[in-house]
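This is what each chain is made of:
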Number of protein chains: 4
Amino acid sequence: MSLDTQERFILRASCRDEVGIIAEVATFLAQRRLFIVETANFGDASSGAFFMRLVFAPDAPGFTLAKFTAEFTPIAEKWNMEWEVRDARARPNVLILVSQSDHCLNDLLYRQRIGALHMSVPAIVSNHLTCAWLAERHGIPYYHLPIDRGGKEATEARILELADTLKADLVVLARYMQILSSDMSEKLSGRCINIHHSFLPGFKGAKPYTQAFNRGVKIIGATAHYVTQDLDEGPIIAQAVEPTSHVDTPEVMAAKGRDTEARVLARAVKLHIEGRIFQNGARTVVFE
Amino acid sequence: MSLDTQERFILRASCRDEVGIIAEVATFLAQRRLFIVETANFGDASSGAFFMRLVFAPDAPGFTLAKFTAEFTPIAEKWNMEWEVRDARARPNVLILVSQSDHCLNDLLYRQRIGALHMSVPAIVSNHLTCAWLAERHGIPYYHLPIDRGGKEATEARILELADTLKADLVVLARYMQILSSDMSEKLSGRCINIHHSFLPGFKGAKPYTQAFNRGVKIIGATAHYVTQDLDEGPIIAQAVEPTSHVDTPEVMAAKGRDTEARVLARAVKLHIEGRIFQNGARTVVFE
Amino acid sequence: MSLDTQERFILRASCRDEVGIIAEVATFLAQRRLFIVETANFGDASSGAFFMRLVFAPDAPGFTLAKFTAEFTPIAEKWNMEWEVRDARARPNVLILVSQSDHCLNDLLYRQRIGALHMSVPAIVSNHLTCAWLAERHGIPYYHLPIDRGGKEATEARILELADTLKADLVVLARYMQILSSDMSEKLSGRCINIHHSFLPGFKGAKPYTQAFNRGVKIIGATAHYVTQDLDEGPIIAQAVEPTSHVDTPEVMAAKGRDTEARVLARAVKLHIEGRIFQNGARTVVFE
Amino acid sequence: MSLDTQERFILRASCRDEVGIIAEVATFLAQRRLFIVETANFGDASSGAFFMRLVFAPDAPGFTLAKFTAEFTPIAEKWNMEWEVRDARARPNVLILVSQSDHCLNDLLYRQRIGALHMSVPAIVSNHLTCAWLAERHGIPYYHLPIDRGGKEATEARILELADTLKADLVVLARYMQILSSDMSEKLSGRCINIHHSFLPGFKGAKPYTQAFNRGVKIIGATAHYVTQDLDEGPIIAQAVEPTSHVDTPEVMAAKGRDTEARVLARAVKLHIEGRIFQNGARTVVFE
């Protein structure tokens, strides 16, 4: 088969697992000459839930998302699916929040620049001025929203408003050292990713490297997770680790951890914007 | 859906990639109430080849492999598939060849015993007597076939005869330090796995740890691959690595390497007996 | 310099860090033509403690441990050292405790057999009969000490008596699923190593793989640590991890974890019997 | 002991291994109340060479490098040492060469900015204009030296002149896609580090990711090494790897490899500027 186009579309769906779902979806695509480029699915035996992600490329002219949506809706309704279809070429809007440490921000912006992260960054928000110059260099608006000025509630309202105005598909806490309120966590549910600088569930809360030092662990790590009302308890997306030893002070651990944090966060952001993650209760299904 | 059985069947197929294959196969399964438990597929854009592995469980009584085969054959012929279906509960016969180092053999037998490798070992073949006691302990026939007695040709003929008689689905060279002839490699094509104690393509041939020491590498590794006529050039299945440093002599490297070799070989054997590997020219497609 | 012998001795010492310790020890060795083969030391800036491990080889005849001890004692007293010297060729006695899972036991015995662990195993103790055959195969006495027969206190007394009688230098809990009493932990302080099947401090206590599954972590691990009165809180010696994903059930995680557990425990045992570990409060100094 | 200063000095020495070297050096330091903060040494049994690195802090006033040098020289001469002592607070001058891919350059500059790499970058040299803006952002002079303008010989002469004028302690080829002449390699011997985007000795030469794809390896890597006259054969400093699979095209491998390359190069540069590397024939001794 030959593709005269680089068009790619991502179809994501989840529903109760039954015999016949894949058959029906695949037949639907084949009838429209939509060539399946990638497919991944998972049936969770413990919950009975089914998750599916397909990437397809039209092998005939005339494809439109509107038509696809109209025609696929009856199938989705039959199986009671949560679903979406989108153009893989579109760049999701990612709003980045940061405090003073800029290693994650710097890494995300670098990857965005070279095309390793296919996204737009419409704004950077911070409770500090530290990273303003970095935003400026990349030509990205920088919103300085210190917590003391107007209080947490007002700041959060402003961030939510920005997310709304800028049509943020994702909010990334790139070492944003403020705990989101339950209300804000709720409103950003499923589209807000945080990087925690420990290998969760070890060392929740503040100063994880100091905790790690005191416990004398031999491996340190970082965890990217969706933000929920329970701090550091949200569904885990990605984790990575680094060896440490008795010679490492908490400061050295923190320095070692920077690379791991930046990489894990970038990986989680990439997985999210490519539609590879499904929430499955308190856990995630990740199609890598 | 409820499964009143633990029956599982593995369907493997490869053919030229086209629109509609997944639809047709999935529909075939759905019509027979064969519930898809696992699925993986890959279209190789560079060669146009398509690979598919499905695990399914009958959701209705009356399933037989014979009936499935008869009914699926027209589909397979239509798409010009290489294919097979098999009962996942069956234990493949794995013939193990070994020389003097027993770490891989010991590991394979341990995993077989605890059920981590779902296979039968009908015999162990060696050009030495070193591992005879280990075979005896596990109640496995041990064939001592030294090379000098009758020459390489006769020995190989005897091994092939054994593989034939014992209906070996796989022959594993678990540190068997003899180079197979082109003829034998050809005859075992696609069902003979070797473990090479280096990170191929680095350090082909003899004494890879001495080569690694002399080159001063900082990481050593092991490679499991299918055996082909070109020594150490067969399609790679799995690789793993271990850090090393200036303090490690070739002997220390070899000791470190033992774990890696045993793990990589066990992983390759597991992938093979679960039908997760496809040869794709000089490379492999591995559905993990 | 030429060594006409493979004699090797290990000198371990710890004390308060001061200017001049290394100079004095090294001079002591040089004056006796004791050639330093390996050296490692660490000054803990946070506590002021100093740790030193030296391996030396006599470059002249007439060396005896008794003479060394007599002559080194004044130096040790001057710096208020805790110290020991021992012959590296001696095999420490390692008493192994196990319950039903034999992957760690099997691995330790294998490594002992091929010389990768330079130790003697004078006995295996278990609260089950499951591993008796494995002990028998290796010609090692097996003590079946079920907990119900006489209660925990009597069992522990019997184990301590065995450790005493057999001059155990180390007691290894190789998946021994009984919690040691505070009293017993105290008596074996610094010479009892446990393997916990999670990446501590995550998932302490029972069923760590089920906990890991429920939390949805993307990496699982294992931790070898010295046993103390606080369960799963003893000084950590070694840790290792393995990736996991949404497809892995707790049973699959447990299967994946077996390799990691066996490797980490073997590493901790090796480090201990080679005198490479120092306890430093709740942490360890490990000279690898 | 209390240090009223953060002064730190690094002493590096190598010579033939003999009884008494450590004793003499440690005694020399103790007599001058130079507190040993870190120490590492290695005797290469295969060659008889000895390598030592010490970090010390003066515990009394009046220390000068000039005085130390004068007084230590007789010891160095006695043992026929190659040696140096330097102030750990000084920032080595690192001249960076780059072509078009800027991931390594960007990473080095980031680490330099946040203090993770304790160095100065007096200039960036390139045969392209691509990275000029990046240099400008960091306020670093950018020398555009295209090969065609004047030929390779003239370009190399200009680079060597720059290295000389700027007192470069190290020249880093951060994806500089020009092969240095034998003459230039010789002149920069021991102070020029290259990053090769493969796991050497696998895939030497051009397009290593395409080579890796064609060979079907399951792990890709990167290697930082000193530049010598033999291309891709210089002493290896650091290596790291990344898993790959059948779905990865050479382009995806290259994208995955970027992180690994940047990390490995940064690690090699850090090891070099902290004086942790010794060349030992065709290999390196690295005190991490």
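Residues numbered from 1 in each chain as written. Chains lettered and ligands numbered in written order. Predicted model: local features only at pLDDT ≥ 70, side-chain atom pairs only at ≥ 80, totals over all residues. Heavy atoms only, no water.

Right, let's talk about the overall build of chain A for a bit. Within chain A one finds 8 helices and 13 strands. What you see for chain A is a C-alpha radius of gyration of 21 Å, in line with the 19 Å of a compact globule of 288 residues. Along the longest, intermediate and shortest principal axes, the C-alpha atoms of chain A span 60 × 40 × 35 Å. For chain A, with 288 residues in total, the buried portion stands at 57%. The contacts in chain A between residues at least 6 apart in sequence include a share of 66% that link residues at least 24 apart. Computed over 32 positive and 34 negative side-chain charges, the separation of the two mean positions in chain A equals 4 Å. (Helix = DSSP H or I, 4+ residues; strand = E, 2+ residues; numbered from the N terminus. Rg over C-alpha atoms; globule rule 2.2 N^0.38 Å. Buried < 20%, exposed > 50% of the residue type's maximum accessible area, 1.4 Å probe, protein only. Contact = heavy atoms within 4.5 Å. Lys, Arg positive; Asp, Glu negative; His and termini not counted. Charge placed at Lys NZ, Arg CZ, Asp CG, Glu CD.)

A few words now on the interface of chain D and chain A. Counting residues at the interface gives 15 residues for chain D, matched by 15 residues for chain A. Each partner contributes to the roughly 1,300 Å² buried at the junction of chain D and chain A, and carbon and sulfur atoms together form 38% of this total. Considering only the surface of chain D that becomes buried against chain A, Y110, R113 and R137 of chain D emerge as the three largest contributors, covering 38% of it. If you look at where chain D meets chain A, you find 4 salt bridges. In this structure, the salt-bridge partner of D259 of chain A is R111 of chain D, at a minimum N-O distance of 3.0 Å. Where chain D meets chain A, there are 9 residue pairs in polar contact (both at pLDDT 80 or more). (Buried area = accessible area lost by both parts, 1.4 Å probe. Salt bridge = Lys/Arg side-chain N within 4 Å of Asp/Glu carboxyl O. Polar contact = N/O pair within 3.5 Å; in protein donor to acceptor, adjacent residues only side chain to side chain.)

Residue and element names in this part refer to chain A. With their axes 9 Å apart at the nearest point, helix α3 (residues 103-114) and helix α8 (residues 250-273) run at an angle of 45° to one another. Taken together, the axes of α3 and α8 lie oblique to each other. With respect to the hand of their crossing, α3 and α8 are arranged in right-handed fashion. Note on element contacts: α8 touches α3 through R258, E261, A262, R263, L265, A266 and V269, opposite H103, C104, D107, L108 and R111. Here the contact of α3 with α8 is composed, by residue class, of 6 nonpolar, 1 polar and 5 charged. (Axes fitted to C-alpha atoms, helices over the stretch in contact; angles between N-to-C directions. Parallel < 35°, antiparallel > 145°, perpendicular 65-115°, else oblique. Left-handed = near helix turned anticlockwise from the far one by under 90°. Nonpolar A, V, L, I, M, F, W, Y, C, P; charged D, E, K, R; others polar.)

Right, let's get into the pattern of salt bridges. Residue and element names in this part refer to chain D. A full pass over the atoms with the stated rule returns 96 salt bridges over all chains. Measuring nitrogen to oxygen at the nearest pair gives 3.3 Å for the salt bridge that ties E38 to R276. Here R276 lies in the loop between α8 (250-273) and β12 (277-280) and E38 lies in strand β2 (residues 34-44), a separation of 238 residues in the sequence. Accessibility expressed as a relative area gives 33% for E38, which makes it partly exposed.

The next point concerns the relation of the copies chain D and chain A. Mapping chain D onto chain A is achieved by rotating through 180° and translating by 0.1 Å along the same axis, at an RMSD of 0.0 Å. Considering both components of the superposition, the chain copies are consistent with a two-fold axis. Judged by C-alpha distance, R137 of chain D is the residue of chain D that lies nearest the rotation axis, at 4.1 Å. A shared interface surface links the copies, since 100% of the contact residues of chain D are contact residues in chain A too. (Least-squares fit on C-alpha atoms with pLDDT ≥ 70 in both.)

So, about the sheet that holds strand β5 (residues 94-98) of chain B. All names here are of chain B. In space, the 7 strands of this open sheet follow the order β7-β6-β5-β8-β9-β10-β11, with mixed pairing throughout. Either end of the sheet is taken by a strand with one partner, and the two such strands are β7 (142-144) and β11 (236-243). Each strand axis lies, on average, 15° off the axis of its neighbour in the sheet, ignoring direction. When β5 meets strand β8 (residues 170-173), the two strands line up parallel, connected through 4 bridges. The partner of V94 across the bridge, within β8, is L170. Lying on the sheet, helix α5 (residues 151-165) is in contact with β5, β6 (124-126), β7 and β8; it crosses β5 at an angle near 155°. (Pairing = 2+ DSSP bridges.)

All names here are of chain D. Strand order in the open sheet formed by 4 strands is β2-β3-β1-β4, with antiparallel pairing between adjacent strands. Strands with a single pairing partner mark the edges of an open sheet, and in this sheet they are β2 and β4 (82-87). Direction aside, neighbouring strands of the sheet carry axes that sit 10° apart on average.

Inspection of helix α7 (residues 208-215) of chain B places P208, Y209, A212, F213 and R215 of chain B among the buried residues, and these make up the whole buried set. For α7 of chain B, the secondary structure elements touched by its buried residues are β9 (192-196), β10 (219-226) and α8 (250-273) of chain B together with β11 (236-243) and β13 (283-286) of chain D. Two residues or fewer past α7 of chain B, G216 of chain B is found with a positive phi of approximately 70°.

Structural alignment of chain A on chain C gives an RMSD of 0.0 Å, achieved by rotating through 180° and translating 0.0 Å along the axis. Most of the interface of chain A is mirrored in chain C, where 100% of its interface residues are also at the interface.

Our focus in this paragraph is the side chain of N194 of chain D. Residue and element names in this part refer to chain D. Along the polypeptide, N194 turns up in strand β9 (residues 192-196). A relative accessible area of 11% places N194 in the buried class. Residues contacting N194, with those up to four places away along its chain left out, are L173, T223, A224, H225 and V227.

Enumeration over the complete set of coordinates arrives at 46 aromatic pairs over all chains. Relative to F63 of chain C, the ring of F9 of chain C lies with its centre 4.4 Å away and its plane at 50°, an arrangement referred to as tilted. Of this pair, F9 of chain C sits in strand β1 (residues 9-16) while F63 of chain C is found in the loop between β3 (49-58) and α2 (65-78), placing the two residues 54 residues apart along the sequence. Among the residues examined, F9 of chain C registers a relative accessible area of 3% and is labelled buried. Accessibility expressed as a relative area gives 18% for F63 of chain C, which makes it buried. Measuring from ring centre to ring centre gives 5.8 Å for F278 of chain D and F287 of chain D, while their planes differ by 70°; the resulting arrangement is edge-to-face. Its relative accessible area of 6% is what places F278 of chain D among the buried residues. Grouped by ring-pair contacts, the aromatic residues F9, F28, F56, F63, F68, F72 and W83 of chain A constitute a single cluster. For the cation-ring pair, R283 of chain A lies above F213 of chain C, with the distance from its terminal atom to the ring centre recorded as 4.0 Å. (Phe/Tyr/Trp six-rings, centres within 6.5 Å; stacked < 30°, edge-to-face > 60°. Lys NZ or Arg CZ within 6 Å of the ring centre and 35° of its normal.)

To continue, consider the interface of chain A and chain C. With 31 residues of chain A at the interface, the matching set in chain C holds 31 residues. In this assembly, chain A packs against chain C so that about 2,600 Å² is buried in total across both faces, 63% of it on carbon and sulfur atoms. For the interface between chain A and chain C, the tally reads 2 salt bridges. Across the pair R215 of chain A and E233 of chain C runs a salt bridge whose closest N-O atoms are separated by 3.5 Å. Joining chain A to chain C, the criterion identifies 13 residue pairs in polar contact (both at pLDDT 80 or more). The element best represented in the side of chain A that touches chain C is strand β11 (residues 236-243) of chain A, accounting for 6 residues. Counted by class, the side of chain A that touches chain C contains 18 nonpolar, 8 polar and 5 charged residues.

This brings us to the environment of F287 of chain B. Here F287 of chain B shows up in the segment after β13 (283-286). Judged by relative accessible area, F287 of chain B falls into the buried class, the value being 6%. Residues F287 of chain B and G275 of chain B lie 12 residues apart in sequence; the distance between their C-alpha atoms is 8.7 Å. Excluding its chain neighbours within four sequence positions, the residues that come into contact with F287 of chain B are A40, N41, F42, F51, M52, R53, R276 and F278 of chain B together with H246 of chain D.

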